[in-house]
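Summary of the model geometry
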Amino acid sequence: MRLLALLMAFMWPTLSPADEARPSLPALYQVSDVAEDDVLNIRAAPDASSSILGSFSHDARDIEVVELSLSGRWARVNIAEQSGWVSLRFLKLQRVETGFAGLPASLTCFGTEPFWDMQLTDQGLVLQQPNGRQTFPITFTAPGADRVNLGESGFLFDWDAGEILVRAYILPGRCNDGMSDRVYGLHYVDTYLPNAGCCSL
């Protein structure tokens, strides 16, 4: 019986750091374990020999990771008008401040043709367009604030545009703004204008 228990102990899988559950993406990270006189390189591909696009300082924060490489060792991030890859080994998950309905307080959605951006606040949906800035009442949200997980299930809400009640969604999935090579992990769609765009933490 003791021999069987020992065999089971050796055969039972153990969790390594690479196996630990990671938060759903996108998520905010900060640079970790990089010397003060060094930087974290951002590379064109998830490979240490790939060309360098730029870098993060040793204490950089608010780095939005939108996806991981197939190996799970590299994280896709945005820099200037393009996306690149950094080693996940040197990133640490950052606590995100929440705001309206349990959403990240810094969440912004945006689009083009015409340019627009919006945020969800306790005052309502704040929409900035070329013709000005307006705030619209938000009349319904789902799921509840304690169950919001944008990277897994997204977020549904209704906002009152005055003439029509708009059903809107923030959904997980790759998104591109159509004007750069940046990659985002959330997109916005609704039944009114603006009816499509990307979202960022």
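In this report, we go over the structure that sits alongside the text. Treat the numbers as computed from the prediction; the structure is a model and nothing was measured. (Residues numbered from 1 in each chain as written. Predicted model: local features only at pLDDT ≥ 70, side-chain atom pairs only at ≥ 80, totals over all residues. Heavy atoms only, no water.)

Taking strand neighbours across the sheet as the criterion, the 9 strands line up as β12-β11-β10-β9-β17-β16-β15-β14-β13 in an open arrangement whose pairing is antiparallel. The open sheet has two edge strands with one neighbour each: β12 (132-136) and β13 (138-142). Going from strand to strand, the sheet's axes swing by 25° on average, the running direction of each strand aside. With 5 bridges joining them, strand β11 (residues 124-129) and β12 adopt antiparallel strand pairing. Residue pairing for β12: leucine 125 is matched across the bridge by phenylalanine 136. (Pairing = 2+ DSSP bridges. Helix = DSSP H or I, 4+ residues; strand = E, 2+ residues; numbered from the N terminus. Axes fitted to C-alpha atoms, helices over the stretch in contact; angles between N-to-C directions.)

A separate point is the packing of aromatic side chains. The full count for this structure, using the stated rule, is 6 aromatic pairs. Each ring, one from phenylalanine 157 and one from tyrosine 188, has its centre 6.3 Å from the other, and the planes form 35°; the classification is tilted. Of this pair, phenylalanine 157 sits in strand β14 (residues 155-160) while tyrosine 188 is found in strand β16 (residues 184-190), placing the two residues 31 residues apart along the sequence. Judged by its relative accessible area of 0%, phenylalanine 157 falls in the buried class. (Phe/Tyr/Trp six-rings, centres within 6.5 Å; stacked < 30°, edge-to-face > 60°. Buried < 20%, exposed > 50% of the residue type's maximum accessible area, 1.4 Å probe, protein only.)

Approximately 350 Å³ is the volume attributed to the second largest pocket. Along the wall of the second largest pocket there are 18 residues; nearest its centre are Ser24, Pro26, Val96, Pro104 and Val148. The residue inventory of the lining of the second largest pocket, partitioned by class, reads 11 nonpolar, 6 polar and 1 charged. (1 Å grid on protein atoms, 1.4 Å probe; cavity = no way out; pocket = protein on both sides within 12 Å on 5 of 7 lines; lining within 4 Å. Points joined across faces, edges and corners; volume = space filled by probe spheres on them. Nonpolar A, V, L, I, M, F, W, Y, C, P; charged D, E, K, R; others polar.)

Turning to the pattern of salt bridges, a few remarks are in order. As enumerated under the stated definition, the model contains 4 salt bridges in all. Of the charged contacts, one joins arginine 89 and aspartate 33 as a salt bridge, the two residues approaching to 3.3 Å between their closest N and O atoms. Of this pair, arginine 89 sits in the loop between β7 (82-87) and β8 (91-93) while aspartate 33 sits in the loop between β1 (27-31) and β2 (39-43), and the two are 56 residues apart along the sequence. Each member of the pair, arginine 89 as well as aspartate 33, carries the same accessibility label: exposed. A salt bridge links arginine 167 to aspartate 158, with the nearest nitrogen and oxygen atoms 2.4 Å apart. On the basis of relative accessible area, aspartate 158 is assigned to the buried category, the value being 7%. When salt bridges that share partners are traced, they join Glu67, Arg76 and Arg174 into one network. (Salt bridge = Lys/Arg side-chain N within 4 Å of Asp/Glu carboxyl O.)

Now for the state of the cysteines. A covalent bond bridging the sulfur atoms of two cysteines is what the word disulfide describes. Counting across every chain of the model gives 2 disulfides. For cysteine 109, the disulfide goes to cysteine 199, at an S-S distance of 2.0 Å. One disulfide, between cysteine 109 and cysteine 199, carries an S-S torsion of 100° and so falls in the right-handed class. Taken as a pair, cysteine 109 in strand β9 (residues 108-111) and cysteine 199 in strand β17 (residues 196-200) lie far apart in primary sequence, 90 residues in all. Taking the relative accessible area as the measure of exposure, cysteine 109 reaches 2% and is therefore buried. Paired through a disulfide, cysteine 175 and cysteine 198 show a sulfur-sulfur distance of 2.0 Å. The sign of the S-S torsion, about -85°, decides the handedness of the disulfide formed by cysteine 175 and cysteine 198: left-handed. Taken together, the residues span a long stretch of sequence, with cysteine 175 in strand β15 (residues 165-175) and cysteine 198 in strand β17 at a distance of 23 residues. (Disulfide = S-S within 2.5 Å.)

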